[in-house]
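Remarks on the overall topology
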Amino acid sequence: MALKIAVCIKRTPASTSVAIDASGKVQTKGLPHGINPFDEYALEEALRIKEKLDGTVTVVSAGEAEAEEVIRGALALGCDDGILLADPAFAGSDGTVTASILAAALRKAGAQLVLFGKETTDGGSGQMPSFTAAWLDCPSAIGVRKVAAVSDAEITVERGMEDGVDTLTMSLPAVVAVTKEINEPRLPSLKGKMAAKKAPVAKWTAADLGLDAAKLGGAASPTQVLSMEPVPARPAGVSIPGGTPEEKAAALVQKLKEAKFI
Amino acid sequence: MADNRGSGVWVVAESRRGTLIPAAFELLTAAKSLAAQRGESVTAVVLGGAQGVEGLAAAGAAKVLVLEGVDGAVDDAAAAALAAAAKSGAPRTILLPATVSGRSVAPRLAVALGAGLAADAVALELDGEKRLVATRSGYAGNVTLKVLVKSVPEIATVRPMAYPRASVNGGAGTVEKAPGDASAAKARTKFVSFAADTSGEIDIGAAEKIVSGGRGLGDPKGFELVRELAHALGAAVGASRAAVDSGWIPYKHQVGITGRSVRPRLYVACGISGQIQHMGGMKSSDVIVAINTDADCPMMKAANYAVQGDFYKVVPALVAEIKKARGTA
């Protein structure tokens, strides 16, 4: 049986220089958006595994209707089909609740191997892969820099740790979050772009997933964002004086000594 | 005041290869402050066991709970054992380090306990109802978010280097050993091997000082000088994305949103102009030094100390000056 691979992607603002509106929320409406850049590595790895094992790749994204554009972008790379998870009941869901929605969709889609990028560039704390694995009750690895082996029963990955590299073998289904070390993402072909226009994108709501709306959204989420504030620019520093490199070095070392770094 | 929904602050003290990571003692500092505000005590939980767990007690944990027989490197098992222990111990708050392991385990623990998770906190406080509020950054460090955890228990992962390390101060906490219950974790993950980083370099995530090099070095040989300066300062070696993408230095050194976020006391940026994605990973450093030919680049503007000049001339002079100051010239 062909391996069913899924990649979870997100539509994010193309720039992280965002404004905060009067209500204290980051204002992203009207800004250029695109696929979260880290997700491109997950898509590429999925396509490479698909080519090796004769599998299929389903792209999943939760968000507003606009998320369809990033799904189509992924389909243009050679993914087979897409699922857009959109429902007003999803709005305001925190990490764990969003992951429960993704997990329900992945289960319904029959995904055996689920790939994520390392984090998103907006909220971005990199918790979604492990959250999703927890809801799917399956093994997971984050920080993956290499897929060493994969079959339709298990996957062996190298995970970058603070002090070295772990090699782990996980039975499928499993969730894997990859870093940019893993590959060099491809660009879409013209043929792919044409095919993407006609490729199927399913739209699933809470009801389609059999989820209880009372357990979704901001009110049902166990965490709540209280405030968002722009980070003030660092105060202007000092320019280290001196005519020669030696004079500058001496002046800087003096400052570093005063601050007890030396 | 304790209520029937849990009491106490737990710290998951991560160990790697039998040694507690420095962040374990940083979490203790955060936990002691929260516990003091609620009149509660701190418990440090160690998975499997590690050398010097008594140090956690001496540094302020009223109890050190060692869950024996649990492989902390297998997320499934670690989360299952912690969840079982938390169900019987009923803490109000559980803190984990925002390391690869902590980020892997915390969401599983949150789902198992039906708890909310505030990820990647750089500061923790309590609201009027003594509930946990975490501060974290988003949008490449351009936005600060405050996140309230409404559940009990409440879980947070805390960035390494966000809190000072609790010092061993003669605390009289006890060490208790209990068999870890990982029975809920099915044997789905097989730990195959660990290849230790043998470069002997300091990990950038836990470094007090970092010296980084960027495109402005112009050449991979520039990193020999970066390493020399790092060595003189006792610093870790970092790099910009441009330097890593050019193949001058491995990815594990990459600082920034696409690499790793760091918050050392001292960050020395050599030949790094300061693109948003790099700044997002280091601009919360206490003190920034920039060495660059371009006085107007963002890094020079953000720096506490901006040194305009040729890296290849300034850095050797700097190394000589540091050695002189240290009396090691």
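Residues numbered from 1 in each chain as written. Chains lettered and ligands numbered in written order. Predicted model: local features only at pLDDT ≥ 70, side-chain atom pairs only at ≥ 80, totals over all residues. Heavy atoms only, no water.

1. Side note on the overall build of chain B
For chain B, the count of helices and strands is 9 helices and 18 strands. At 21 Å, chain B has a C-alpha radius of gyration in line with the 20 Å of a compact globule built from 329 residues. Here chain B holds 329 residues, and 60% of them are scored as buried. Of the side chains in chain B, 36 bear a positive and 29 a negative charge, and the two mean positions are spaced by 2 Å. (Helix = DSSP H or I, 4+ residues; strand = E, 2+ residues; numbered from the N terminus. Rg over C-alpha atoms; globule rule 2.2 N^0.38 Å. Buried < 20%, exposed > 50% of the residue type's maximum accessible area, 1.4 Å probe, protein only. Lys, Arg positive; Asp, Glu negative; His and termini not counted. Charge placed at Lys NZ, Arg CZ, Asp CG, Glu CD.)

2. Overview of the domain arrangement of chain A
Its domain assignment divides chain A into domain 1 (4-220) and domain 2 (236-262). Between the C-alpha centres of domain 1 of chain A and domain 2 of chain A the distance comes to 47 Å. (Domains from an automatic or database assignment.)

3. Observations concerning the interface of chain B and chain A
Facing the 85 residues of chain B at the interface are 74 residues of chain A. Between chain B and chain A, roughly 6700 Å² of surface is buried when both sides are summed, and carbon and sulfur atoms account for 57% of that area. Contact with chain A buries area across many residues of chain B, yet Tyr-139, Arg-188 and Tyr-305 of chain B alone supply 11% of it, more than any other trio. At the junction of chain B and chain A, the tally comes to 6 salt bridges. The shortest N-O distance in the salt bridge between Asp-75 of chain B and Arg-159 of chain A comes to 3.3 Å. Inspection of the chain B/chain A interface yields 38 residue pairs in polar contact (both at pLDDT 80 or more). Split into classes, the residues belonging to the side of chain B that touches chain A amount to 40 nonpolar, 20 polar and 25 charged. Of the pairings in the sheet, the one linking strand S11 (residues 164-171) of chain A to strand S13 (residues 189-196) of chain B comprises 7 bridges and is antiparallel in character. Bridging from a neighbouring strand, Asp-166 of chain A pairs with Phe-194 of chain B of S13 of chain B. (Contact = heavy atoms within 4.5 Å. Buried area = accessible area lost by both parts, 1.4 Å probe. Salt bridge = Lys/Arg side-chain N within 4 Å of Asp/Glu carboxyl O. Polar contact = N/O pair within 3.5 Å; in protein donor to acceptor, adjacent residues only side chain to side chain. Nonpolar A, V, L, I, M, F, W, Y, C, P; charged D, E, K, R; others polar. Pairing = 2+ DSSP bridges.)

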